[in-house]
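Take a look at the letters that make up each chain.
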Amino acid sequence: MENLVQDTTVQKPKWIRVKLPTGKNYRELRTLVDKYKLNTICQSGSCPNMGECWGEGTATFMILGNICTRSCGFCGVKTGKPMDVNWDEPEKVARSIKLMKIKHAVLTSVDRDDLKDMGSILWGETVNAVRRISPGTTMETLIPDFQGITKHLDRLVEVAPEVISHNMETVKRLTREVRIQAKYERSLEVLRYLKEAGQRRTKTGVMLGLGETKDEVFQTIEDIRNANVDVITLGQYLQPTKKHLPVKKFITPEEFDEFGDFARSLGFRHVESSPLVRSSYHAEKHIH
């Protein structure tokens, strides 16, 4: 049996260095966020790319509260009984996006398996609110699997965000450990269905460093492409707290290049593959 305590003490290599956020656009957005108490997952998730993304006019907002009904081993979001749905949230998020002059908004959410519609109705209303209040803003919706129920997925396809994203997160063998209530094949089917239902651009993300083999990464990339996904992001998993899954390995930049080249050879429209990549990295480029 592997010594997990030892794994948690793996030293971060020199290429895992977070850039300090800088620039005029970043400072202006930070001032607005603080003044109006706006909620972005960029801040709450301590994203290493926040300065760069905000500088490009891109930000990520989380809807449906901050308590998740699932307990994934990699995720820093709280697990428990969520609060009631706030039906004013679509307007608040849309007004935040307008106030911040966001050019491209990434919307994401916790899983809401406690709700009959799993939150899909509020998802649709949020996209429509952004369209109405900030019509110049393009959108990516990073959605849960909605347990694979197509009528919930249809609500997203109907409001037609520029990109619908659903993250695979890891390879098939590790899915049960990493994404306890999720299923590898179900996530692939969600991505495949979205494309078949008419969604123009689909996207997914995978974290590396959780104990997967190279062959498993190649197979996962191939499985994703076979589901007709347009955009893939590959980044290094970083342990949020000591209670979460340990980092088994820090993937080298050269290995990320190898995986990225393989993905490009399969015909993905966009590939982001490097240690500090997160699923919304360069999101504004993925709509084209």
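Residue positions within a chain follow its written sequence, with the count starting from 1. A pLDDT threshold of at least 70 governs which residues receive local features in this predicted model, and a stricter bar of 80 or more applies before side-chain atom pairs are shown or counted, although totals over entire chains, interfaces and linings include all residues. To obtain the side-chain values, all non-hydrogen atoms of the structure were used and water was disregarded.

Per an unreviewed UniProt entry, the chain goes by the name Lipoyl synthase and belongs to Chryseobacterium geocarposphaerae. In the Pathway (unreviewed entry) part of its UniProt record, the chain is described as follows: "Protein modification; protein lipoylation via endogenous pathway; protein N(6)-(lipoyl)lysine from octanoyl-[acyl-carrier-protein]: step 2/2." UniProt positions are given in the numbering used here, feature names are shortened, and annotations may be inferred rather than shown by experiment.

S.K.: Whenever I open this one, the overall build of the chain confuses me. Can you help?
M.R.: Of the regular secondary structure elements, the chain holds 11 helices and 9 strands. Here the term buried applies to any residue with accessible area under 20% of the maximum for its type, exposed to any over 50%, and partly exposed to those in between, with areas from a 1.4 Å probe on protein chains only. The proportion of buried residues among the 288 residues of the chain is 53%. Residues count as neighbours in contact if any of their non-hydrogen atoms are within 4.5 Å of one another. Across the chain, contacts joining residues at least 24 apart in sequence account for 74% of those joining residues at least 6 apart. A total accessible area of about 14100 Å² is found for the chain, and carbon and sulfur atoms account for 51% of it. The numbering of helices and of strands both runs from the N terminus, where a helix is a DSSP run of H or I of at least 4 residues and a strand a run of E of at least 2. Reported accessibility uses the Shrake-Rupley method at a 1.4 Å probe radius. Residues are deemed covered only where the shown protein chains occlude them.

S.K.: Would you explain the nonpolar core in this entry?
M.R.: Nonpolar side chains in soluble globular proteins generally cluster together in the buried interior. Membership of the largest hydrophobic core comes to 36 residues, with the highest contact counts inside it found for F61, I97, I102, L107, W123 and I143. Going through the elements one at a time, α2 (24–36), α4 (50–55), β1 (58–63), α5 (89–99), β4 (104–109), α6 (120–133), α7 (150–159) and α9 (184–196) are the ones with two or more residues in this core. With residues up to four places along the chain from it excluded, the contact list for L107 reads F61, V93, I97, W123, T126, V127, M139, E140, T141 and L142. Of all hydrophobic cores here, the second largest spans 19 residues; its members include V206, V217, I221 and F268. Side-chain atoms within 4.5 Å are what join buried Ala, Val, Leu, Ile, Met, Phe, Trp, Tyr and Cys residues into a set we call a nonpolar core.

S.K.: I tried to follow the sheet that holds strand β6 (residues 163–165) on my own but got confused; where do I start?
M.R.: By definition, the strands of a sheet pair up through backbone hydrogen bonds, in either a parallel or an antiparallel sense. Strands qualify as paired when DSSP identifies two bridges or more between them. Taken in spatial order, the 7 strands line up as β1-β4-β5-β6-β7-β8-β9 in an open sheet, and their pairing is parallel. Looking at strand neighbours, the two that pair on one side only are β1 and β9 (270–273), the edges of this open sheet. The mean angle between the axes of side-by-side strands here comes to 20°, regardless of whether they run parallel or antiparallel. Every axis corresponds to a line fitted to the C-alpha atoms, with the helix fit spanning only the stretch in contact, and the corresponding angles, defined between N-to-C directions, vary from 0 to 180 degrees. On the sheet, helix α10 (residues 214–226) packs against β7 (202–208) and β8 (231–236) and is oriented at approximately 170° with respect to β7.

S.K.: Would you mind showing me how to read the pairing of strand β5 (residues 138–142) here?
M.R.: Two faces, one strand: in a regular strand the side chains alternate between the faces of the sheet. Summarising burial for β5: 5 of the 5 residues are buried, a large majority. The alternating pattern of β5 places T138, E140 and L142 and M139 and T141 on opposite faces, both of which are buried. Bridging between β4 and β5 involves 5 bridges; their strand directions are parallel. Counted as the bridge partner of H104 is T138 from β5. Read as a crossover between parallel neighbours, the route from β4 over α6 to β5 is right-handed. Sheet analysis places β5 next to β6, joined by 3 bridges and oriented parallel. Among the inter-strand pairings, T141 is bridged to a residue of β6, identified as I164. The crossover handedness rule: strands pointing away from the viewer, path from first strand over the helix to second strand clockwise, crossover right-handed. The β-α-β motif built from β5, the intervening α7 and the parallel element β6 has right-handed crossover chirality.

S.K.: So what exactly am I meant to see when it comes to unusual backbone geometry here?
M.R.: Most peptide bonds are trans, and most residues other than glycine sit at a negative phi. Phi at L64 takes a positive value of approximately 70°, unusual for a residue other than glycine. Looking at the element boundaries, L64 is found in the loop between β1 and β2 (67–68).

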